[in-house]
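Here's the letter readout for the chains.
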Amino acid sequence: MASMQKRLQKELLALQNDPPPGMTLNEKSVQNSITQWIVDMEGAPGTLYEGEKFQLLFKFSSRYPFDSPQVMFTGENIPVHPHVYSNGHICLSILTEDWSPALSVQSVCLSIISMLSSCKEKMILVDATVTILLSEDSPTEKMSTLIIQSLNFNL
């Protein structure tokens, strides 16, 4: 257990002193336990998520770094993305079969930023009849085209 705590202390300091772009450790989250962190995240500039704010929950088992941390989006704003479930769970290979003890919290954060940044379009279900498709191919808006499709009117 001591090696896990030592490793987490080292990674905590690294995240505090040199966080990935758009990432900030929620200092209050680590006051009670070093095995559960909340990282505040901003959508990267120039992407479909620019200006959006998210929270990532990191949970570390006693086997960390040999086992990957559990990482999920939490809070009120879960990104709409093909690799993020509506409950916040993230489908990312380095969080499962491609995990290596050589990876770190910072590398996980960078992978999540990259995953969101590579998304070219996202769909938002407004209600049972309206879907909004956001795409980065818009010449008229900053980074997204707004296409409203209504099941009632077949637009």
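Residues numbered from 1 in each chain as written. Predicted model: local features only at pLDDT ≥ 70, side-chain atom pairs only at ≥ 80, totals over all residues. Heavy atoms only, no water.

Enquirer: What is the right way to look at the overall build of the chain in this model?
Expert: What the chain contains, in helices and strands, is two helices and seven strands. Listing every helix and strand of the chain by position from the N terminus yields α-β-β-β-β-α-β-β-β. Looking at the chain as a whole, 39% of its 155 residues qualify as buried. Taking as baseline every contact in the chain between residues at least 6 positions apart, the subset at least 24 positions apart corresponds to 44%. Carbon and sulfur atoms make up 54% of the accessible area of the chain, which amounts to about 9,200 Å² in all. (Helix = DSSP H or I, 4+ residues; strand = E, 2+ residues; numbered from the N terminus. Buried < 20%, exposed > 50% of the residue type's maximum accessible area, 1.4 Å probe, protein only. Contact = heavy atoms within 4.5 Å. Areas by Shrake-Rupley, 256 points an atom, 1.4 Å probe, with all protein chains shown as cover.)

Enquirer: Please explain the pattern of salt bridges as it appears in this structure.
Expert: Close approach of charged atoms lets side chains of opposite charge pair. In the structure shown here, the tally under the stated rule is three salt bridges. Taking the shortest distance from any N to any O, the salt bridge between Glu-11 and Arg-7 comes out at 2.5 Å. Of the two residues, Glu-11 and Arg-7 both sit in helix H1 (residues 2-17), four residues apart, roughly one turn of that helix. Relative accessible area serves as the criterion here: at 7%, Glu-11 is assigned to the buried category. In this structure, Glu-42 engages Lys-53 in a salt bridge whose closest nitrogen and oxygen atoms are separated by 3.3 Å. Taken together, the residues Glu-42 in strand E2 (residues 36-42) and Lys-53 in strand E3 (residues 53-59) connect sequence positions eleven residues apart. Take Glu-42: its relative accessible area is 45%, and that puts it in the partly exposed class. (Salt bridge = Lys/Arg side-chain N within 4 Å of Asp/Glu carboxyl O.)

Enquirer: What should I look at first to understand the sheet that holds E2 in this one?
Expert: Think of a sheet as strands paired side by side through backbone hydrogen bonds, with each pair either parallel or antiparallel. Taken together, the four strands give an open sheet; going across it, the order is E1-E2-E3-E4, and neighbouring strands pair in antiparallel fashion. With one partner strand each, in any of the chains shown, strand E1 (23-25) and strand E4 (70-74) form the two edges of the open sheet. Averaged over all pairs of adjacent strands, the angle between strand axes in this sheet comes to 25°, irrespective of strand direction. Here seven bridges tie E2 to E3, and the two strands are oriented antiparallel to one another. Within the sheet, the bridge partner assigned to Asp-40 lies in E3 and is Gln-55. In the packing of H1 onto the sheet, contacts are made with E1 and E2, and the angle to E2 comes to roughly 20°. (Pairing = 2+ DSSP bridges. Axes fitted to C-alpha atoms, helices over the stretch in contact; angles between N-to-C directions.)

Enquirer: Any chance you could explain the confidence of the model for the chain here in plain terms?
Expert: Low-pLDDT portions of the prediction should not be read for the details of their coordinates. Confidence in the prediction for the chain averages 84 pLDDT; 77% of positions are at 70 or higher. A low-confidence stretch, residues 139-155 stays under pLDDT 50, and its non-local contacts, those more than four residues away or across chains, total 35 contacts. (pLDDT = per-residue confidence, 0-100.)

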